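# Remarks on the overall topology
Listed below are the residues making up each chain.
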Amino acid sequence: MKHVLIVDDEEQLLLTMQAGLESYNDRFQILTARNGKEATALLASTRINLVVTDIKMPEMDGIEL
């Protein structure tokens, strides 16, 4: 199964994007992270095929990620 990681510090936007992609759960699994550090941990433990990230986030921004 393919994995898509969505990274955004705005929880409502993160949940909206996740819900919008639920109809494709037979093609790929959606993973979420609220910041770059959470995303880095997921990237270290899971094979991710696509990352969709916000650019401006606290702690670690999307460019640094």
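Presented here is an overview of the structure given in this document.

## A look at the sheet that holds strand β1 (residues 2-7)
Read across the sheet, three strands follow the order β2-β1-β3 without closing on themselves; strand pairing throughout is parallel. Strands at the two margins of the open sheet, each flanked by one partner only, are β2 (28-33) and β3 (50-53). The sheet shows a mean angle of 20° between the axes of neighbouring strands, direction not considered. Judged from the six bridges that link them, β1 and β2 form a sheet pairing that is parallel. Directly across from isoleucine 6, in β2, lies its bridge partner threonine 32. Most of the contacts of helix α2 (residues 36-45) go to β1, to which it runs at about 165°, and overall it touches β1, β2 and β3.

## Examining the packing of aromatic side chains
What the rule picks out here adds up to one aromatic pair. Their ring planes at 10° and their centres at 6.0 Å tell us that tyrosine 24 and phenylalanine 28 sit as a pair that is stacked. Owing to a relative accessible area of 19%, phenylalanine 28 belongs among the buried residues under this scheme.

## Brief notes about the side chain of aspartate 8
You can see aspartate 8 is positioned in the loop between β1 and α1 (11-20). It is arginine 34 that comes nearest to the buried, bridge-free aspartate 8 among opposite-charge side chains, at 9.5 Å. In contact with aspartate 8, not counting residues within four places along its chain, are Leu13, Leu14, Ala33, Arg34, Asp54 and Met57.

## Side note on the side chain of histidine 3
Within the secondary structure, histidine 3 is located in strand β1. At 3.1 Å, the side chain of histidine 3 forms a polar contact with the side chain of glutamine 29. Reaching out from histidine 3, the side chain makes a polar contact with the backbone oxygen of arginine 47 at a distance of 3.1 Å. For histidine 3, the contacting residues outside a window of four places in its chain are Gln29, Leu31, Thr46, Arg47, Ile48, Asn49 and Leu50.

## Focus: the nonpolar core
The tendency in soluble globular proteins is for nonpolar side chains to be buried as a group. Counting seven residues, the largest nonpolar core consists of Leu5, Val7, Leu31, Ala33, Ala39, Ile48 and Met57. Elements represented by at least two residues in this core include exactly β1 and β2. Dropping the residues within four chain positions of it, valine 7 is found in contact with Leu14, Ala33, Asn35, Gly36, Ala39, Val51, Val52, Thr53, Asp54, Met57 and Leu65.

Here is what the cut-offs are and how they apply
- Residues numbered from 1 in each chain as written.
- Predicted model: local features only at pLDDT ≥ 70, side-chain atom pairs only at ≥ 80, totals over all residues.
- Heavy atoms only, no water.
- Pairing = 2+ DSSP bridges.
- Helix = DSSP H or I, 4+ residues; strand = E, 2+ residues; numbered from the N terminus.
- Axes fitted to C-alpha atoms, helices over the stretch in contact; angles between N-to-C directions.
- Contact = heavy atoms within 4.5 Å.
- Phe/Tyr/Trp six-rings, centres within 6.5 Å; stacked < 30°, edge-to-face > 60°.
- Buried < 20%, exposed > 50% of the residue type's maximum accessible area, 1.4 Å probe, protein only.
- Lys, Arg positive; Asp, Glu negative; His and termini not counted.
- Salt bridge = Lys/Arg side-chain N within 4 Å of Asp/Glu carboxyl O.
- Polar contact = N/O pair within 3.5 Å; in protein donor to acceptor, adjacent residues only side chain to side chain.
- Core = buried A, V, L, I, M, F, W, Y, C linked by side-chain atoms within 4.5 Å.

Functional significance is not addressed by these values, which are geometric in nature.
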